[in-house]
Amino acid sequence: TRDLRVPESPVKTLSELRPGQRAVVNRVRDTDPDLLRYLSDLGLVPGAKVTVLDFSPFDNNLRLRVADQDKAVVLGPSVTSQVFVETN
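Quick caveat, the model's predicted, so the values are computed rather than measured.

1. Focus on the overall build of the protein chain
Here's step 1: Tallying secondary structure elements over the protein chain gives 2 helices and 6 strands in all.
Here's step 2: Referenced to the eigenvectors of the C-alpha coordinate spread, the extents of the protein chain come out at roughly 45 × 30 × 25 Å.
Here's step 3: For the protein chain, the proportion of contacts with a sequence separation of at least 24, taken over those separated by at least 6, is 58%.
Here's step 4: Entry remark: accessible area of the protein chain is about 5,900 Å², with carbon and sulfur atoms responsible for 49%.
Here's step 5: A distance of 5 Å separates the average location of the 12 positive side-chain charges in the protein chain from that of its 12 negative side-chain charges.

2. Quick notes on helix α1 (residues 33–42)
Here's step 1: For α1, the complete set of buried residues consists of L35, L39 and L42. Viewed end-on, α1 has its buried residues packed into an arc of 55°, placing them on one side of the element. Seen from the buried face of α1, the exposed residues on the opposite side, beyond 90 degrees, are D34 and D41.
Here's step 2: Tucked into the core, α1 has its buried residues touching β2 (22–28), β4 (62–66), β5 (73–75), α2 (77–80) and β6 (83–87).
Here's step 3: Among the residues of α1, the N-terminal cap falls to D32, whose side-chain oxygen and the backbone nitrogen of D34 are separated by 3.0 Å.
Here's step 4: G43 sits one or two residues past α1 and shows a positive phi near 90°.

3. A few points about the pattern of salt bridges
Here's step 1: One pass over the full model with this rule turns up 1 salt bridge.
Here's step 2: R37 is paired through a salt bridge with D34; the nearest N and O atoms lie 2.5 Å apart. Of this pair, R37 and D34 both sit in helix α1, 3 residues apart, which is roughly one turn of the helix.
Here's step 3: On the accessibility criterion, R37 (49% relative accessible area) is partly exposed.
Here's step 4: D34 gets classed as exposed once you look at its relative accessible area, which sits at 51%.

4. Examining the nonpolar core
Here's step 1: In this structure, L14, V25, V50 and L64 are the most contacted members of the largest nonpolar core, which totals 21 residues.
Here's step 2: At the level of elements, β2, α1, β3 (49–55), β4, β5 and β6 are the ones that each hand at least two residues to this core.
Here's step 3: Contacts of V25, omitting those with residues within four sequence positions, involve L44, V45, P46, G47, A48, V50, V83, F84 and V85.

Conventions adopted
Residues numbered from 1 in each chain as written. Predicted model: local features only at pLDDT ≥ 70, side-chain atom pairs only at ≥ 80, totals over all residues. Heavy atoms only, no water. Helix = DSSP H or I, 4+ residues; strand = E, 2+ residues; numbered from the N terminus. Contact = heavy atoms within 4.5 Å. Areas by Shrake-Rupley, 256 points an atom, 1.4 Å probe, with all protein chains shown as cover. Lys, Arg positive; Asp, Glu negative; His and termini not counted. Charge placed at Lys NZ, Arg CZ, Asp CG, Glu CD. Buried < 20%, exposed > 50% of the residue type's maximum accessible area, 1.4 Å probe, protein only. Arc of directions from axis to C-beta. Polar contact = N/O pair within 3.5 Å; in protein donor to acceptor, adjacent residues only side chain to side chain. Salt bridge = Lys/Arg side-chain N within 4 Å of Asp/Glu carboxyl O. Core = buried A, V, L, I, M, F, W, Y, C linked by side-chain atoms within 4.5 Å.

So, in structure tokens, the structure goes:
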């Protein structure tokens, strides 16, 4: 803006979300093909909707639901820091 304020980006890493937040996967860092395959198997691909169910402050793990899948998944910060999302 004119007064040199930069608007907050709607894109953040999945690791920044907390319980109750919902988001849509925007992109995934593509430097590790094995990670890309793993995330694809979980349904964590661009356009997928996620809901954070729980956060562990001791190890920064997130338990989340991907899209409309029945089974929740637990991911650590080494994974969640590679997934970029837009919050709703």
